[in-house]
Amino acid sequence: MLKLAHITKSFDLDGQQVSVLKDITLQVKPGEIVGLMGPSGSGKSTLLHIAGLLESPSSGRILIGGEETAGLSDSQKTELRSLKIGFIYQSHRLLPDFTALENVMLPQLIAGQSKQKTVKDATERLTRVGLAHRLNHRPTKLSGGEQQRVAIARALANNPLLLLADEPTGNLDSSTAESVFNLLLELVKYHAMGALIATHNPDLGAKMDRVIHLKDGCIVAK
Ligand SMILES: Nc1ncnc2c1ncn2[C@@H]1O[C@H](COP(=O)(O)OP(=O)(O)OP(=O)(O)O)[C@@H](O)[C@H]1O
Ligand SMILES: [Mg+2]
């Protein structure tokens, strides 16, 4: 699903190169849920953005579903991302002027799916995350846990191969976090996706198939 080989990333800060990721090599297989843990600033979000083709590495290779991404144009990357990768952020990032249903429909509409099929699929997805009774609510009328469940339904809209999530339950209270997280894991397993999920929470880390620990931009033994 995902292969990262010898990824490095440096940022230029006032003329000084700051090295944030140093030679990261990892692989996520189909159906595998991999945790990404490490102190604040260790590079988790940067690595997820690179894996999701939202940011370019300074060097190294990224393969998504076996496909080499180095030679792709920006529009090809956008297309690959929209069809093969679901991304979930710590804050839901739903569009405030759209209902839950419309938010979940958007990725499929953008991918060119018919409105009729999109309504049917988005309704099914929201039903699966327990929100059949909230289809026409705008995000501000939903609880934090409900917002994050909509974000999960949206991330899965185009049946991606790979799910990337950056502290997806970091803003929720612990019991809501646990139930939303369990739902996320269940859906990832059900669809046999690969997932790479950053978390600070060791209890959530323990639920994953394995955990990669980052420290100062390097993979370390725990
Ligand atoms: N655009 C940027 N320009 C310069 N430095 C950056 C940029 N983005 C991230 N960094 C630096 O890269 C390092 C890693 O940041 P990153 O956000 O990946 O950490 P993280 O592990 O996700 O931390 P957290 O747990 O707090 O979310 C930090 O030191 C950060 O300051
Ligand atoms: Mg982060």
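For the structure given in this document, a descriptive report is provided here. These figures come from a predicted structure and were not determined experimentally. (Residues numbered from 1 in each chain as written. Chains lettered and ligands numbered in written order. Predicted model: local features only at pLDDT ≥ 70, side-chain atom pairs only at ≥ 80, totals over all residues. Heavy atoms only, no water.)

## Thoughts on the site of ligand 1
And then number 1: Every residue lining ligand 1 is accounted for by F11, V20, P39, S40, G41, S42, G43, K44, S45, T46, E167 and H200.
And then number 2: A distance of 2.8 Å is found between an oxygen atom of ligand 1 and a backbone nitrogen or oxygen belonging to G41.
And then number 3: Here an oxygen atom of ligand 1 sits 2.8 Å away from a polar atom, N or O, in the side chain of H200.
And then number 4: Notes on ligand 1: free accessible area 640 Å², of which the protein chains cover 61%. (Near = heavy atom within 4 Å. Polar contact = N/O pair within 3.5 Å; in protein donor to acceptor, adjacent residues only side chain to side chain. Areas by Shrake-Rupley, 256 points an atom, 1.4 Å probe, with all protein chains shown as cover.)

## Observations regarding the pairing of strand β7 (residues 162-166)
And then number 1: Counting buried positions over the 5 residues of β7 gives 5, a clear majority of the element.
And then number 2: Across the two faces of β7 the burial is the same, with L162, L164 and D166 and L163 and A165 all buried.
And then number 3: Bridge count between strand β6 (residues 85-88) and β7: 4 bridges; the pairing is parallel. Note on β7: the bridge partner recorded for F87 is L164.
And then number 4: Pairing geometry for β7 and strand β8 (residues 194-198), over 5 bridges, is parallel. Paired with L164 across the bridge in β8 is L196.
And then number 5: Handedness of the crossover joining β7 and β8 through helix α6 (residues 174-190) is recorded here as right-handed. (Buried < 20%, exposed > 50% of the residue type's maximum accessible area, 1.4 Å probe, protein only. Helix = DSSP H or I, 4+ residues; strand = E, 2+ residues; numbered from the N terminus. Pairing = 2+ DSSP bridges. Right-handed = clockwise from strand over helix to strand, strands pointing away.)

## A few points about the nonpolar core
And then number 1: One finds L126, V150, L163 and I197 to be the most contacted residues of the largest nonpolar core, which totals 35 residues.
And then number 2: Mapped onto this core, the elements with two or more residues apiece are α3 (100-110), α4 (115-128), α5 (144-155), β7, α6 and β8.
And then number 3: By residue number, the principal contributor to this core is α6, which donates 8 residues.
And then number 4: Counting only domains with at least three residues in this core, you end up with domain 1 (1-65 + 161-222) and domain 2 (94-158).
And then number 5: When residues no more than four places from it in sequence are discounted, the contact partners of I197 are I33, V34, G35, L36, A165, P168, F181, L184, L185 and M208.
And then number 6: With 28 residues, the next largest nonpolar core counts V20, I62, L164 and A198 among its residues. (Core = buried A, V, L, I, M, F, W, Y, C linked by side-chain atoms within 4.5 Å. Domains from an automatic or database assignment. Contact = heavy atoms within 4.5 Å.)

## Let's talk about the sheet that holds β7
And then number 1: Taken in spatial order, the 6 strands make up an open sheet running β6-β7-β8-β3-β9-β10, and their pairing is mixed. Taken across any chain shown, the strands that pair with only one partner, and hence form the sheet edges, are β6 and β10 (218-220). Sheet twist, expressed as the mean angle between neighbouring strand axes with direction ignored, is 25°.
And then number 2: Pairing geometry for strand β3 (residues 33-37) and β8, over 4 bridges, is parallel. Within β8, the residue paired with V34 across the bridge is L196.
And then number 3: Contacts from α5 reach β6 and β7, with the element oriented near 165° to β6.
And then number 4: Strand contacts of α6: β3, β6, β7 and β8, with the helix running at about 155° to β8, the strand carrying the most contacts. (Axes fitted to C-alpha atoms, helices over the stretch in contact; angles between N-to-C directions.)

## As for the pattern of salt bridges
And then number 1: What the rule picks out here adds up to 9 salt bridges.
And then number 2: A salt bridge links R61 to E68, with the nearest nitrogen and oxygen atoms 2.8 Å apart.
And then number 3: Between D209 and K189 there is a salt bridge, and its shortest N-O distance comes to 2.9 Å. Placement of D209 in the loop between α7 (202-205) and β9 (210-215) and of K189 in helix α6 is noted, with a sequence separation of 20 residues between them.
And then number 4: For K189, a relative accessible area of 41% corresponds to the partly exposed category. (Salt bridge = Lys/Arg side-chain N within 4 Å of Asp/Glu carboxyl O.)

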